[in-house]
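Given next are the chains, with one letter for each unit.
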Amino acid sequence: MTWLIADPFVQTGVVAIVGAVITRILLRRYPAWRLVFQLVFFVALTALLHRYDIVPYEVTPGNVPIYERIFIAWAKIIWWIYAAWLLTATARVFLIFERRPREGQLIQDLVVGIIYLGAALSVIAYVFNAPVGTLIATSGVFAIILGLALQSTLGDVFSGIALNFSKPYEVGDWIVLSDGTEGRVVETNWRATHLLNGSNDLVVLPNSILAKAQLTNLNSPNRTHGVKLRIRVRPTMAPSGIAEVMRTVLQSSNSIMLTPPPTVEIKSLDAQAIEFELSFRVRDFSAAAAARHEVYDLIYRHARAAGLVLAQPKETFTIASAQTQATGASAPRATALRLIDAVPLFASLTEEEKQALAPTMTRRTYRKGETLVEQDAKLNSLFVVRTGVLVVSRKEGETDIELSRLSPGDYFGEAGLFAGKGEPGTIRAMTFAVVYEVGQAALAQLMRDRPGIADEISVTLSRRARRHTTSNTGDAEEQSMRSVSWLVRRIRSVFELPSS
């Protein structure tokens, strides 16, 4: 038994098998520990070969007996395999391209391939004593034939390597090609780059095409994205006054970034219209569409509140003017009626009910920085913003958290008037603001004449609570504001209406 343990063939085999089982099977999912144990077994195998005077990187002399030559060849092959394993494990652990393992996958694969190729050539040279230089030279013709056959695939591979070094994009970036192809990068590999477009379809682009294409990265040099909108307004006031209204539009947005500050630029001026360009940035390209929609909505509301009229496109101005002269302009509605039309809460009112409510509204003005309502205050009236921008902020400890911004057509006070709850935050004027107050008595008269208004208002408030779920209310309050039945009972109780 002792002679069996002392046999070099047995010792080498035990070290090789135990090392393979531990590093390739048991520690397969633990790269760092696998590297440590591969180093241990490689050192042990090197010491074992050195003990028996076996040099893996030297050719075995020809006078060695055949059985020793077989053992030495087998030991050398194992040593070179372990050396390749150790080097590839080191590459997988430490070779992280620019601290991004996913993007460095191609580089790791390339290094691993070179390591295994070097190990194979070393085995051929030092174990089988074959002339590697001659072998490489004689395989040149085969390499040329293979290269021509795989020209397209090799072009994609080397283009992928070049793209990983130059890094014009990363996984997660939204890119646009010169031919109109666009999408978010979800994967890069040896052959192709995968994009997920706006239709949620997967677009596979060969790397060779990307390497030659004119490419725009919408997420570089940072994740923020710039948006520009152009609008045309009739010159009913000085351009500087209209530009100030447009700045108020951007100031009232909840979706755009405040830094860098948004800008308004006059692009053209003629007898029919003044053209403005609104520029702003959003936190990510994916937020651009929502921000664009919000700004368009705010442009309409602020323009209507300021008495501005959006201009027709240049090519349709003559036709539109002729139609206006032929049909005549409709009589303008009073300010209070226009506000009632803009508030979704009053959408179910009839024209007669709107006419009855409008004279009861009270106009109030506030200077910039003035406080309209304190946090947790309970209001007995509904307030509708006529002009200007209001900011709602909640104080939590020593920190003021901005909850939202209110623009023309927005309203507040419904929590206290209909649900008996306090305001979620303090409301201040960011600019000079005009607000119209709708008193509880006026609404009560309408509801006594038609109690069904309470049900219609409850449905609108419930929908609004679902859309604007924020952290400024507790779970119980939020749940109650979403419940239509609870709101109906509450409103009927506040306004002393009979139960339905």
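Residues numbered from 1 in each chain as written. Predicted model: local features only at pLDDT ≥ 70, side-chain atom pairs only at ≥ 80, totals over all residues. Heavy atoms only, no water.

Caption draft 1: Broad picture of the packing of helix α2 (residues 8–26) against helix α4 (residues 66–94). Closest axis-to-axis distance for the α2/α4 pair is 11 Å, and the angle between their directions is 25°. Comparing their axes, α4 and α2 come out roughly parallel. By crossing handedness, the relation of α2 to α4 is classed as left-handed. Judged by residue contacts, P8, F9, T12, G13, V15, A16, G19, A20 and R24 of α2 engage F71, W74, A75, I78, Y82 and W85 from α4. When the residues that make up the contact of α2 with α4 are grouped by side-chain class, the tally is 11 nonpolar, 3 polar and 1 charged. (Axes fitted to C-alpha atoms, helices over the stretch in contact; angles between N-to-C directions. Helix = DSSP H or I, 4+ residues; strand = E, 2+ residues; numbered from the N terminus. Parallel < 35°, antiparallel > 145°, perpendicular 65-115°, else oblique. Left-handed = near helix turned anticlockwise from the far one by under 90°. Contact = heavy atoms within 4.5 Å. Nonpolar A, V, L, I, M, F, W, Y, C, P; charged D, E, K, R; others polar.)

Caption draft 2: Looking closely at the packing of aromatic side chains. Overall, the coordinates contain 6 aromatic pairs when judged by the stated rule. Measuring from centroid to centroid gives 6.2 Å for W80 and Y126, while their planes differ by 10°, and the two rings are stacked. A residue pair is termed long-range when its members are at least 10 positions apart, and W80 in helix α4 and Y126 in helix α5 (residues 105–126) qualify at 46 residues. For Y126, a relative accessible area of 28% translates into the label partly exposed. Look at W174 and F285: their rings are 4.8 Å apart centre to centre, the planes differ by 35°, and that puts the pair in the tilted class. In this pair, W174 is assigned in strand β1 (residues 174–177) and F285 in the loop between β8 (274–282) and α11 (288–305), connecting sequence segments 111 residues apart. We classify W174 as buried; its relative accessible area is 10%. Of the aromatic side chains, those joined through ring pairs into one cluster are F42, W79, W80 and Y126. Seen from the ring of W85, R24 lies directly overhead, with NZ or CZ sitting 4.5 Å from the centre. (Phe/Tyr/Trp six-rings, centres within 6.5 Å; stacked < 30°, edge-to-face > 60°. Buried < 20%, exposed > 50% of the residue type's maximum accessible area, 1.4 Å probe, protein only. Lys NZ or Arg CZ within 6 Å of the ring centre and 35° of its normal.)

Caption draft 3: Focus on the sheet that holds strand β3 (residues 192–196). Strand order in the open sheet formed by 5 strands is β4-β3-β2-β1-β5, with antiparallel pairing between adjacent strands. Unpaired on one side and paired on the other, β4 (202–206) and β5 (215–217) mark the two borders of the sheet. Here the average twist between neighbouring strands, direction ignored, is 40°. Pairing analysis gives 4 bridges linking strand β2 (residues 182–188) to β3, with the strands arranged antiparallel. What sits directly across from E187, in β3, is H194. (Pairing = 2+ DSSP bridges.)

Caption draft 4: Spotlight on α11. Across its 18 residues, α11 extends 25 Å between first and last C-alpha, which sits within 8% of the 26 Å expected from 1.5 Å per residue. All of the buried residues in α11 are A288, A291, E294, V295, L298, I299, R301, H302, A303 and A305. In the core, the buried residues of α11 are packed alongside β6 (225–233), α10 (239–251), β8 and β11 (381–387). Just past α11, the residue G307 takes up positive phi, approximately 80°. (Expected span 1.5 Å × (residues − 1).)

Caption draft 5: Summary view of the environment of I78. By the secondary structure assignment, I78 is in helix α4. The exposure class of I78 is buried, given its relative accessible area of 11%. Each C-alpha atom of the pair I78 and L45 lies 8.8 Å from the other, and the pair is 33 residues apart in sequence. Non-local contacts of I78, meaning those with residues more than four positions away in its chain, are made with T12, A16 and L45.

Caption draft 6: Just the pairing of strand β15 (residues 426–429), in detail. Pairing geometry for strand β10 (residues 371–373) and β15, over 2 bridges, is antiparallel. Pairing of V373 across the sheet is with I427, part of β15. Both strand β12 (residues 390–396) and β15 contribute to a ladder of 4 bridges, which runs antiparallel. The residue of β15 that forms the bridge with L390 is A429.

Caption draft 7: Structural view of α10. Helix length check: α10, at 13 residues, gives a terminal C-alpha distance of 18 Å against a target of 18 Å (1.5 Å per residue), a fit within 8%. Of all the residues in α10, the buried ones are I242, A243, V245, M246, T248, V249 and L250. Those residues of α10 hidden inside the fold are in contact with β6, β7 (263–269), β8 and α11.

Caption draft 8: Quick look at the confidence of the model for the chain. Averaged over all residues, the pLDDT of the chain is 81; the fraction at 70 or higher stands at 83%. Contacts from residues 322–331, a stretch scored under 50 in pLDDT, to residues over four places away or in other chains number 1 contact. Counting interchain partners and residues more than four positions distant, the pLDDT-below-50 stretch residues 470–477 has 5 contacts. (pLDDT = per-residue confidence, 0-100.)

Caption draft 9: Just the nonpolar core, in detail. L345, F346, L357, F418, M447 and F495 are the most contacted members of the largest nonpolar core, which has 32 residues in total. When residues of this core are traced back to their parent elements, those giving at least two are α13 (335–342), β11, α15 (414–419), β16 (433–439), α16 (440–449), α17 (452–467) and α19 (484–494). It is α16 that contributes the most residues to this core, 5 residues altogether. Discounting chain neighbours no more than four positions away, the residues touching F346 are I340, K354, L357, L382, V438 and L443. By size, the runner-up hydrophobic cluster in this structure holds 25 residues, among which are L250, A291, L298 and I299. (Core = buried A, V, L, I, M, F, W, Y, C linked by side-chain atoms within 4.5 Å.)

Caption draft 10: Layout of the environment of D410. Along the chain, D410 falls in the loop between β13 (399–406) and β14 (411–412). The spacing of D410 and F383 is 27 residues in sequence and 8.5 Å in space, taken between C-alpha atoms. Ignoring sequence-local partners within four residues, the contact set of D410 consists of R301, F383, V384, V385 and R405. Within polar-contact distance, the side chain of D410 engages the side chain of R301 at 2.6 Å. Here the side chain of D410 touches S407 through a polar contact of 2.7 Å, landing on its backbone nitrogen. (Polar contact = N/O pair within 3.5 Å; in protein donor to acceptor, adjacent residues only side chain to side chain.)

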